[in-house]
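Close look at the chain arrangement
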Amino acid sequence: QVLLVESGGGLVQAGGSLRLSCAASGRTFSSYAMGWFRQGPGKEREFVAAISRGGGSTPYGDSVQGRFTISRDNAKNTVYLQMVSLKPEDTAVYYCAAKWADRGYTSYVRAFEYDTWGQGTQVTVSS
């Protein structure tokens, strides 16, 4: 099992950019598919982006398609979420999640499929 620690959140103006990082412990990071989810105030947890073990599959939530980019560096045990053109409605706690995957090309978009979660990092976008 991996442990996940997110970083990179903060306060940014609308139209700005942030890059979130999720560092994973352990030596088997490359065996995990990864995902980003978010939960805004008074809202349910929402799928943001996911990436397969090898990085070949990267689905996105409709609300972030074209603005956010997920990537991973297996040598650094880290997954990233580059966010541009941020909007106030992107304000949320962003969570990184990991799922052990036996297929390198599979990504997962549903929260219940993930085994391990980070503690979250707050992103606040001011108008």
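Okay, so let's go over this structure. Small disclaimer: the values here were computed from a predicted structure and weren't measured.

Turning to the packing of aromatic side chains, a few remarks are in order. Summed over the entire model, instances satisfying the criterion amount to 5 aromatic pairs. With a centroid separation of 5.1 Å and 55° between ring planes, the pair formed by phenylalanine 37 and tryptophan 117 is classed as tilted. Note that phenylalanine 37 is positioned in strand β4 (residues 32-39) and tryptophan 117 in strand β9 (residues 116-117), a separation of 80 residues in sequence. Among the residues examined, phenylalanine 37 registers a relative accessible area of 1% and is labelled buried. For tryptophan 117, a relative accessible area of 26% translates into the label partly exposed. Taken together, a centroid distance of 6.4 Å and an interplanar angle of 85° make the contact between tyrosine 108 and tyrosine 114 edge-to-face. For tyrosine 108, a relative accessible area of 12% translates into the label buried. Grouping aromatic residues by their ring pairs yields a cluster made of Phe37, Phe47, Tyr108, Tyr114 and Trp117. Here the basic side chain of arginine 45 rests over the ring of tryptophan 117, its NZ or CZ set 4.6 Å away from the ring centre. Its end group placed over the ring of phenylalanine 29, arginine 72 keeps NZ or CZ at 4.5 Å from the ring centre.

A full pass over the atoms with the stated rule returns 1 disulfide. Across the disulfide, cysteine 22 is cross-linked to cysteine 96 (sulfur-sulfur distance 2.1 Å). Taking the torsion about the sulfur-sulfur bond, which here is approximately -80°, the covalent link between cysteine 22 and cysteine 96 counts as left-handed. With a gap of 74 residues between them, cysteine 22 in strand β3 (residues 18-24) and cysteine 96 in strand β8 (residues 92-100) connect regions that are remote in the sequence. One exposure class covers both cysteine 22 and cysteine 96, and it is buried.

Criteria and thresholds
Residues numbered from 1 in each chain as written. Predicted model: local features only at pLDDT ≥ 70, side-chain atom pairs only at ≥ 80, totals over all residues. Heavy atoms only, no water. Phe/Tyr/Trp six-rings, centres within 6.5 Å; stacked < 30°, edge-to-face > 60°. Helix = DSSP H or I, 4+ residues; strand = E, 2+ residues; numbered from the N terminus. Buried < 20%, exposed > 50% of the residue type's maximum accessible area, 1.4 Å probe, protein only. Lys NZ or Arg CZ within 6 Å of the ring centre and 35° of its normal. Disulfide = S-S within 2.5 Å.

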